[in-house]
Amino acid sequence: MDDDATVSAADIARLAGVGRAAVSNWRRRYPDFPPPVGGTASSPLFGLSAVAGWFRARGKKFELSPGERAWQRLRALGDDLDLAERVSRAGVFFAFQAGIFDTFDSRLDDPELITLLSEMTHRAGPLESFELLCHRYFEAHSRRLSATPEPVAELMARLAGPVSTILDPACGFGALALASGAKTVLGQDSDPMTASIATLRLRLRGIEAEVHAVDALREDAFAGRTAEAVLCDPPFNERAWGHDELVGDARWEYGLPPRGEPELAWVQHCLAHVEPGGTVAILMPGAAAGRRSGKRIRGNLLRAGAVRAVVTLATSDLWLLRRPIPGERPPSTVLLAEAGAELSTVDKMCREFREHPESGVRIIDLLDDDVDLTPARRRGRDEDLGRAFQAVQGRFAELTPQLPPLEAADGEPAFTTVGELVKAGVVEVKHAARTDGEHPIAEDGDVVASVTGIAYVHSGEPAPVGAGLTVYRVDPERLDADFLAGCLRAADLPAASASTRIDGRRVRIPRVAIDVQREYGAVFRRLAEFDTVLRQTAETGRELVRLGFAGLVEGRLRPGR
């Protein structure tokens, strides 16, 4: 095993088959747990050999597959800044093993790494082996890399339709191209190593890929060429995108993009590279639909019939465009809708709009002084009310099945308290300052609670909690986090006054085995999810009732048939 290899807490958790909260607990409980050898206070790194030895001494599971060993060896061979290049060289080796290339990168000259890569290929094949290294790389640099979420990529590919050729001018590591299922991919990315990894991921799947490592706006590698569909997740808010040097570019068919509107440059670039009648699916920042500086271009896109839909997702807007066919009459409506995180509704909304285009927003009504395509601005309009009523009816119908089955129990369990669990080392409690001051960090698996009885289990990256909140860090081998969150929520603690802090340590906790805790914890979690849906539905329902009364009285609505 490489003595220089290091692992993060997330790596240790994955290799040990536990959650990250368990690793944090081991570090606190065991003085001999290997200390960090690098990284930062919030993201420490540990020596792999030392960690493996600690696990072996305790008879704990800690499996290092050839893939994991290869990944650690790759990281140990140089600086993390050059890690993408080493991952790319490994990909070339896998492509050589698959018969795609006649030779592999001569700079991949580490005998131990080559042995591990060969063993990976023998066990899992070149494609799966390379995907494992890519996945580890994406995990290690998740804060620096911006990748299109897989569900969003799949949605964009579905809306573009089944096509054999796509173009992605900001392809990144190839997420949109892989989701499309296309046989031929044309792509660009300004970073050479990113472009190289995208090419290898595509070629190893038998996809014909032509990916250029240059900025698509400044240096169009596919000038004069088109594809059946264009999928794009471009960088947002880049001021230095080449405005001055691209004045008069032939791609600006709908107007010269203002200096502060690079996203409208990407829209026109995509339209210039799709066949007449072909679809463009592009992610845009929400502000691009309404900024005054871009209203002229938005108006021209609407008049030409190029914009077909703007749908608000959780973190961005999805624009669907269609390159007009010469001589074709432009459509008179456009779809403006909000989906949030409910991606499954977007397919249905778009399908219904295609079948009933009259249900959309009239383009003539949008061509005012603002030309605002922001879907939220249309909320409550009569075009959306009928669909909203149906959506709320459907949500109410779905509520009951979400309730977990419960039945009467015999007897009453013995109880302990949070305070007693703290004394036993099962729980660690950290309070946040009421105003300015230090706030504890909630890690994955921690319980976060307020004095009003709200409690939830934190998931994802470590994050500071808000003022007045408390973090409960549990020993996952002795106390289930969801079980504790349910008990804290059941306590229904009263709000603290200005001079009194309600101590959650007095909350009673049933004394039951860990497997029973997990069973109860799952039910507590379902009840909490049901409560969230119920609250959201109630709020939507009240607003809908208000709009319904007003719409009927004002003549914007009528009884349905």
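Refer to the structure presented above.
Cut-offs used in this document
- Residues numbered from 1 in each chain as written.
- Predicted model: local features only at pLDDT ≥ 70, side-chain atom pairs only at ≥ 80, totals over all residues.
- Heavy atoms only, no water.
- Helix = DSSP H or I, 4+ residues; strand = E, 2+ residues; numbered from the N terminus.
- Buried < 20%, exposed > 50% of the residue type's maximum accessible area, 1.4 Å probe, protein only.
- Contact = heavy atoms within 4.5 Å.
- Areas by Shrake-Rupley, 256 points an atom, 1.4 Å probe, with all protein chains shown as cover.
- Phe/Tyr/Trp six-rings, centres within 6.5 Å; stacked < 30°, edge-to-face > 60°.
- Lys NZ or Arg CZ within 6 Å of the ring centre and 35° of its normal.
- Core = buried A, V, L, I, M, F, W, Y, C linked by side-chain atoms within 4.5 Å.
- Polar contact = N/O pair within 3.5 Å; in protein donor to acceptor, adjacent residues only side chain to side chain.
- 1 Å grid on protein atoms, 1.4 Å probe; cavity = no way out; pocket = protein on both sides within 12 Å on 5 of 7 lines; lining within 4 Å.
- Points joined across faces, edges and corners; volume = space filled by probe spheres on them.
- Nonpolar A, V, L, I, M, F, W, Y, C, P; charged D, E, K, R; others polar.

A.B. asks: Which residues make up the overall build of the protein, and what values do they have?
C.D. replies: Scanning the protein from N- to C-terminus turns up 18 helices and 20 strands. Looking at the protein as a whole, 44% of its 561 residues are labelled buried. Long-range contacts, defined here as pairs at least 24 residues apart, represent 69% of the contacts in the protein between residues at least 6 apart. Of the roughly 28,100 Å² of accessible surface on the protein, 51% is carried by carbon and sulfur atoms.

A.B. asks: Which residues make up the packing of aromatic side chains, and what are the values?
C.D. replies: Enumeration according to the criterion identifies 14 aromatic pairs in this entry. When the ring of Tyr137 is compared with that of Phe173, the centres are 6.1 Å apart and the planes differ by 75°; the resulting orientation is edge-to-face. Of the two residues, Tyr137 sits in helix H7 (residues 126–140) while Phe173 sits in the loop between strand E4 (165–168) and helix H9 (175–180), which places them 36 residues apart along the sequence. Across this residue pair, the class does not change: Tyr137 and Phe173 are buried. Ring pairing ties together the aromatic residues Trp26, Tyr30, Phe33, Phe46, Trp54 and Phe55, which thus form one cluster. Positioned above the aromatic ring of Tyr30 is the side chain of Arg58, whose terminal nitrogen or guanidinium carbon lies 5.5 Å from the ring centre. Across from the ring centre of Phe415, 3.9 Å away, lies the NZ or CZ of Arg508, which sits over that ring.

A.B. asks: Can you lay out the nonpolar core for me, pointing to particular residues and giving the numbers?
C.D. replies: With 40 residues, the main nonpolar core has Ile282, Trp319 and Leu373 as its most contacted residues. Contributing elements (two or more residues each) for this core: strand E7 (227–232), helix H11 (262–272), strand E8 (274–284), helix H12 (295–304), strand E9 (307–313), strand E10 (317–322), strand E11 (333–340) and helix H14 (363–366). When residues in this core are grouped by element, the largest group, 6 residues, is from H11. Dropping the residues within four chain positions of it, Trp319 is found in contact with Leu264, Val267, Val280, Ala281, Ile282, Met284, Ala288, Ala289, Arg298, Ala309, Val310 and Leu373. With 37 residues, the next largest nonpolar core counts Met156, Ile166, Val211 and Ala337 among its residues.

A.B. asks: Explain the side chain of Ser88 residue by residue, including any values.
C.D. replies: Note on placement: Ser88 falls in helix H5 (residues 83–97). In terms of polar contacts, Ser88 uses its side chain to reach the side chain of Ser196, at 2.5 Å. In contact with Ser88, not counting residues within four places along its chain, are Met193, Ser196, Ile197 and Leu200.

A.B. asks: Explain empty space enclosed by the protein to me, using residue names and the numbers behind them.
C.D. replies: Counted according to the given criterion, the structure contains 2 cavities of 30 Å³ or more. Counted as a void, the second largest cavity has a volume near 40 Å³. Asp215, Leu217, Arg218, Glu238, Ala240, Trp241 and Trp266 are the residues that line the second largest cavity. Tallied by class, the residues present in the lining of the second largest cavity amount to 4 nonpolar, no polar and 3 charged.

A.B. asks: Account for unusual backbone geometry, with residues named and values stated.
C.D. replies: Note: most residues except glycine have negative phi, and most peptide bonds are trans. Backbone geometry at Asn237 places phi at a positive 60°, although glycine is not the residue there. By the element assignment, Asn237 lies in the loop between E7 and H11. By relative accessible area, Asn237 is classed as partly exposed at 46%. Phi at Val371 is positive, roughly 45°, even though this residue is not glycine. Counting through the fold element by element, Val371 comes out in the loop between H14 and helix H15 (382–402). Look at Val371 and you get buried, because its relative accessible area is 6%.

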